[in-house]
Structure formats: C-alpha cells, structure tokens
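Examining the three-dimensional arrangement
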Amino acid sequence: MTTEKLYLYPLWVRLWHWLNAIFFLTLLVTGISMQYSSPNSSFLISFEKSVQLHNICGILISINYLLFIIGNIFTTNGKFYKIQLKGLFNRLTKQIQFYLFGMFQHQNPPFPVSEKSKFNPLQKVSYVAAMYIGFPIIIISGWAMLFPELVPAVVLNTSGLLFTALFHVIFGFILSVFLIIHLYVCTFASPIVSNFKSMITGWHY
Amino acid sequence: MIRPKIKHLIQFISFFFLLTVFPIPKVNADSVPDQNYSCLKCHGHHTYKYQNSDLGIEIKEAMCTKRVIDTLAFIQSNHGKFKCTDCHDPEYNTFPHPGNLRMELMYVCTDCHGGDPEYAKFHFEDIEAAFYESMHYQRAPDAFTCWSCHNPHSYKTHARFGADISKTVLYDNNICLSCHAHVSKYELLTERDSINILKTHSWLPNQELHFRNVRCIECHTQPNDSLLISHVVMPRANAVRNCTSCHSKDSRLMASLYKYQSLESRKERGFLNAVILNNSYVIGANRNQYLNKLSLILFGLLLLGIAIHTLFRIFKH
C-alpha cells in the first residue's frame, strides 16, 4: 500500500465531479418530489418548482456529462475506465472478499491505489456501468421526457411515454443506489474523510 | 421495366388489398328516415336549387352556413335516426318555408330525455341543474342552451362508450374551441373581443402536450360525483392551476377524463391509476405499486447491509 501523496484528481475532474454531485442530488430530490407529488405535501419541493429545477439540472448534467466524456477522450483520465476482461471475475471476487471479510481482518487491499490504477476492479466496473450505461440511458430518457412530443405515442399498445418514464425512474433508482454505495465506500479510507478531502485537493493520501 | 399489363394487375391487386384491409365505411341508408332526404337535398349542401314558377326558371342559391347540415355527421350522431320533423315543425315540409317558423322554440335535452327511465343513467336533470350553475348560463342566460355546445345534428356520445381517450379529448375540446377560437361565434355570447387560448395558457408547461391529452373541462369545470362529465363550467379565476391536482396519486383526471374507464376497470397491472397508461403518462399520477414496493425493499436491504457492515467495522477495528 502506498504512503506517498498521489495527485490523482486533476482540477477538471474535481470540478466535473462536484458539479455532477450537485446536479444529481437536485435531480434526485426533485424527481422524488414529482413522482410522489401531492397537493398536501409539505416536506417535498412543490411540483412546479421540481419541474423547473429538474429540467434545468437535467440540461446542466447533460452538458457536464459531455465534458466528462470529452475529458476522458482527450486526457489520460480515460485509461482508468478501461476494463481488462481477462481475469476480471477473479479480480472482482478478490475485491468483494476483501470488502466482506479481509478489511475486518486488517488485510491490505488486494488492489491498492496507484498512479496507474486509481480504481479497484469493483469500483472500475461499477463506475463504468454508472457512467457509460446508466448515465446515457437516464440522460436520453430525460431529454425524451423534456420533449414528449418526440416520443412515439403508442408502443406495444401502451403509451410510449410510459416506457420512457419507467426507464428513467428505474435507472434513476439504480443510480441513487450507486450514489449511496459510492458515498459509503468513500468512508473506507483512514481517516474516514480523507477520500472526500482528496476530491477537494486532488491529492490522494 | 414492368410491362403495362402486369403494372395494371399489380395496381388492381393493391387496390383490392387496400379495400380489404381498409374497407370504406358503410352508412346504413335504411337508418336514415326517408322524409329527411327532401330536407337534406338542400340543407346537406352549401347551395340549393328551386323552381321559380313565376319566372319559369331554376334558381340556384347559397345556403346560409348556419343551416347547412353535415349529412354524414348527422347520420352517425346520436340523433341520426330521427326524422327532421321530430324536432322541427312539420310545416317545414312546405317550401318556401313559412317565415314564422324562424321564431320556433328549440327543444332542449330534458324536453325529450327528462323523466325518462331509459335515459336515467345519463342524469339529464342533474346535467340541467349543473348547467344552470355554470358561468356560461350565469353570464348569458338567454344566449346559452344545450345546443350552444352540443350540436344536435352531430352530437355523439364518446366517453361513456369507452372510446379512445385521445378522440374524446379532441371531440370535447373542439366543442369549447368552436366558440373560444372563433371570434364571430364568441362575439354572439360576450362583449369581450379578444380570444387567445395560447396566450392565456402560456403559463402551462408542455402546453401542446396538455392540449392534446386533456380536455379543457378537466380544469375549467367543477367535478361532480353523479355526473360522468361535469357541466358546472367555472369562471376563469376558479380554473385549476395547481399541477398536483392532476399530477398526484389522487389525480383529478380520475374523476373526470378517466372516470368512465376507472369505473370500468380498477387498478390493473399493479399501476395506481393504470387506466391513464393506455393513452398517456401523467407524472405523479401513475405509480407502479410493485415497483414502489420493490424499490422500498431494495433500499431497506441496502441500508441494512451498510448498517451491518458499519457495525463490523466498528467492532473489528
């Protein structure tokens, strides 16, 4: 395990990350507010405000996502998201075993953070799934909901908007689960807040 | 190049196929009372001809637009099997029509349907009472009758027979727009001269989508438990502007646009307000009960897993 300071998070990654976090959290809260809207609700954001905020943050997170893709294409950050399929299953099993048992027995992480490998195999797979599958689906379905007149009126004898909305809501839920796990896993570092600090300073300790 | 004979054969087969797949709608000629032909001969067209016996010539005249009857719409309407003289004075059978007939009083719905057990399910008396409460009647009691909105020569019941909701929306909204989008007809009923539905509804997000999928009366009438379609048209100030009236579990649409379907088919396919799904999707009103429960269970398991993991981290530290 390295004890050196590593500069792993360049400024653009940190900016993208925090903007993404702000927009995603706003989308999550406003999305839940719309889905469970009620004339008498007092603790959620009003439907009208939720619609406005959701639309604005949806557009902004799409632009931010484009910056992430462009950044990953034109900088070295993209290499951290490349998955070697050979031996992946074994690497994932090792990492899961570490999270479930090894870390309680004070074992060293099987895939320590290095300049060449920012993420462990489990992080890599989940980040790739979230950023390259989940995000495109939720963004495309979100834009379709923003321009509902472009969605086919009927799909399989049912409203085309329903399919779009279901995709949007289901992937919204999956990404929310990802967010919670992501936040929890970030507390595995010692001290607990060091990963959060890293995303502010750029330096990994 | 296809030889002309083969080309004609293909055209014939295509035409035959089209006729089979999309048959020309039939109009049952037997359903039209014979006496109506003599009326519709003139009133079914924009022009009519008559023989001027004094001059000995045939005269062609333009028919007053208000007196033109859309024959096909009439035959297909609820009243399509009636003789013209069932509602109009038999003296109309003579031509030129006597001038005093212009003053004839028109029947309203309850004149025929009121107190009739066969039509009890339509609640015509309740409709009439609701109509008297409506701002239409309140503002112009002499000008408004049932026929101001429901053309007796084309009126067709839609919602009650489970027709395609989008067709019901189009049909019903066209009733409102026949005045609210036509200055000449609008001016007959009010002194206000400007109508701009798009401008007055500019606050409405996704305006086109709303206009295509919900009826004006969803927001502009007071829902009534005993009536399928409320007839208490409210003043502009009382119109619904609160999004959650429709975009919520207890969507107002279930008591109006989807009332008939919701009465017929309750909560199917695990969706709350499932009936809305057949035609549209209303954010906040459509909630899949199974997905809701599944998401709660998954979320609970996630938190439980994190809690157990945290406890191990604390105790094994």
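Residues numbered from 1 in each chain as written. Chains lettered and ligands numbered in written order. Predicted model: local features only at pLDDT ≥ 70, side-chain atom pairs only at ≥ 80, totals over all residues. Heavy atoms only, no water.

Overview of the overall build of chain A
Along chain A, the regular secondary structure elements total six helices and four strands. Split into buried and exposed, the 205 residues of chain A put 41% on the buried side. Pairs at least 24 residues apart make up 70% of the contacts formed inside chain A by residues separated by at least 6 positions. Carbon together with sulfur atoms contributes 72% to the accessible area of chain A, which is approximately 11,800 Å² in total. (Helix = DSSP H or I, 4+ residues; strand = E, 2+ residues; numbered from the N terminus. Buried < 20%, exposed > 50% of the residue type's maximum accessible area, 1.4 Å probe, protein only. Contact = heavy atoms within 4.5 Å. Areas by Shrake-Rupley, 256 points an atom, 1.4 Å probe, with all protein chains shown as cover.)

With respect to the overall build of chain B
Along the backbone of chain B there are 16 helices and four strands. The proportion of buried residues among the 317 residues of chain B is 32%. Of the contacts formed within chain B by residues at least 6 apart in sequence, a portion of 50% connects residues at least 24 apart. Summed over its atoms, the accessible surface of chain B is roughly 21,200 Å², and 60% of this surface lies on carbon and sulfur atoms.

A look at the nonpolar core
Grouped burial of nonpolar side chains is what soluble globular proteins tend to show. Residues and elements named next belong to chain A. Grouped together as the largest cluster of nonpolar side chains are 20 residues, with contacts concentrated most on Y81 and F135. Those elements that place two or more of their residues in this core are α1 (11-35), α2 (47-74), α4 (121-146) and α5 (160-185). Considering every element that reaches this core, the biggest residue donor is α4, with seven residues. (Core = buried A, V, L, I, M, F, W, Y, C linked by side-chain atoms within 4.5 Å.)

A word on the confidence of the model for chain B
Residue and element names in this part refer to chain B. When the pLDDT values of chain B are averaged, the result is 80; 79% of them are 70 or greater. Helix α16 (residues 289-315) holds the highest mean pLDDT among the elements of chain B, 92, whereas helix α1 (residues 4-21) holds the lowest, 55. The low-confidence segment residues 18-29, where pLDDT is below 50, has five contacts with residues more than four positions distant or belonging to other chains. (pLDDT = per-residue confidence, 0-100.)

Digging into a nonpolar patch on the surface
All names here are of chain A. A cluster of nonpolar side chains, I56, I59, L60, I63, L67, W143, F147 and L150, forms an exposed patch at the surface whose accessible area comes to about 730 Å². Looking at which element gives the most residues to the nonpolar patch, the answer is α2, with five residues. Position of L150 among the secondary structure elements: in the loop between α4 and β2 (154-155). (Patch = residues over 30% accessible without salt bridge, like charges linked within 9 Å, V, L, I, M, F, W, Y side chains within 5 Å. Salt bridge = Lys/Arg side-chain N within 4 Å of Asp/Glu carboxyl O.)

Observations regarding the interface of chain A and chain B
On the side of chain B, 34 residues touch chain A, which itself brings 32 residues to the contact. Buried area between chain A and chain B, summed over both chains or domains, comes out near 2,900 Å², and the portion from carbon and sulfur atoms is 68%. Among the residues of chain A in contact with chain B, F47(A), F104(A) and Y184(A) are the three that bury the most area, contributing 21% of the side total. Taken together, the connections running from chain A to chain B amount to zero salt bridges. Going through the elements one at a time, α1, α2, α4, β3 (158-159) and α5 of chain A are the ones with two or more residues in the side of chain A that touches chain B. Looking at the side of chain A that touches chain B element by element, the count peaks at 10 residues for α5(A). (Buried area = accessible area lost by both parts, 1.4 Å probe.)

Considering the side chain of S134(B)
All names here are of chain B. Considering the arrangement of structural elements, one finds S134 in the loop between α6 (124-133) and α7 (135-139). We classify S134 as buried; its relative accessible area is 1%. Not counting chain neighbours up to four residues away, the residues in contact with S134 comprise H231, V232 and V233.

What about the packing of aromatic side chains?
Residue and element names in this part refer to chain A. Across all of its chains, the model carries 27 aromatic pairs over all chains by this definition. Aromatic pair W16 and F68: ring centres 4.3 Å apart, planes at 25°, arrangement stacked. Residue W16 is found in helix α1, and its partner F68 is found in helix α2; the two are separated by 52 residues along the sequence. We note that W16, like F68, is buried. Taken together, W16, F24, Y65, F68, F80, Y81, F119, Y127, Y132, F135 and F178 form an aromatic cluster joined through their ring pairs. (Phe/Tyr/Trp six-rings, centres within 6.5 Å; stacked < 30°, edge-to-face > 60°.)

Here we look at unusual backbone geometry
Look at the link from S190(A) to P191(A): it is a cis peptide, with omega at -5°. Relative to the helices and strands, P191(A) resides in the loop between α5 and α6 (194-201). Here the residue pair F95(B) and P96(B) is connected by a cis peptide bond, since its omega of -5° sits within 30 degrees of zero. Summarising the element assignment, P96(B) is placed in the loop between α4 (84-87) and α5 (109-113). At H123(B), a residue that is not glycine, the phi angle is positive and equals roughly 55°. Mapping H123(B) onto the fold places it in the loop between α5 and α6. Judged by relative accessible area, which is 28%, H123(B) ranks as partly exposed.

A few points about the pairing of strand β2 (residues 57-62) of chain B
Look at any regular strand and the pattern is simple: side chains alternate between the two faces of the sheet. Residue and element names in this part refer to chain B. Inspection of the sheet shows strand β1 (residues 47-52) paired to β2 by six bridges, in the antiparallel sense. The residue bridging N52 from the neighbouring strand is I57, located in β2. The hairpin turn running from β1 into β2, its antiparallel successor, is four residues long, and G56 in that turn takes a positive phi close to 70°. (Pairing = 2+ DSSP bridges.)

Let's talk about the pattern of salt bridges
If the charged atoms of two oppositely charged side chains come close together, the side chains can form a pair. All names here are of chain B. This structure, assessed with the given rule, holds three salt bridges over all chains. Note that D172 is salt-bridged to R215, the shortest N-O span being 2.9 Å. Remark: R215 occurs in the loop between α12 (207-213) and α13 (216-220) and D172 occurs in helix α9 (residues 165-180); sequence separation between them is 43 residues. Side by side, D172 and R215 carry an identical accessibility label, which is buried. Among the ionic pairs, E208 bridges to R212, the shortest N-O distance being 3.5 Å. On the criterion of helical spacing, the pair formed by E208 and R212 is a turn pair, its members being four residues apart in helix α12.

As for a positive patch on the surface
Residue and element names in this part refer to chain B. Positive charge collects at one region of the surface, where K66, R67, R102 and K185 lie side by side. Within the element layout of this structure, R102 appears in the loop between α4 and α5. By relative accessible area, which is 70% here, R102 ends up exposed. (Lys, Arg positive; Asp, Glu negative; His and termini not counted. Charge placed at Lys NZ, Arg CZ, Asp CG, Glu CD.)

Things to note about α6(B)
All names here are of chain B. What α6 keeps buried is the set F124, I127, A130 and F131. Seen along its axis, α6 keeps its buried residues to an arc of 120°; they face one direction. Buried residues along α6 sit in contact with α5 and α7. (Arc of directions from axis to C-beta.)

Structural notes on the UniProt feature "transmembrane region" (unreviewed entry) in chain B
UniProt tags residues 294-315 of chain B as "transmembrane region" (unreviewed entry). A helix fraction of 100% and a strand fraction of 0% characterise residues 294-315 of chain B, whose end C-alpha atoms lie 31 Å from each other. (UniProt positions renumbered as here; feature names shortened; annotations may be inferred.)

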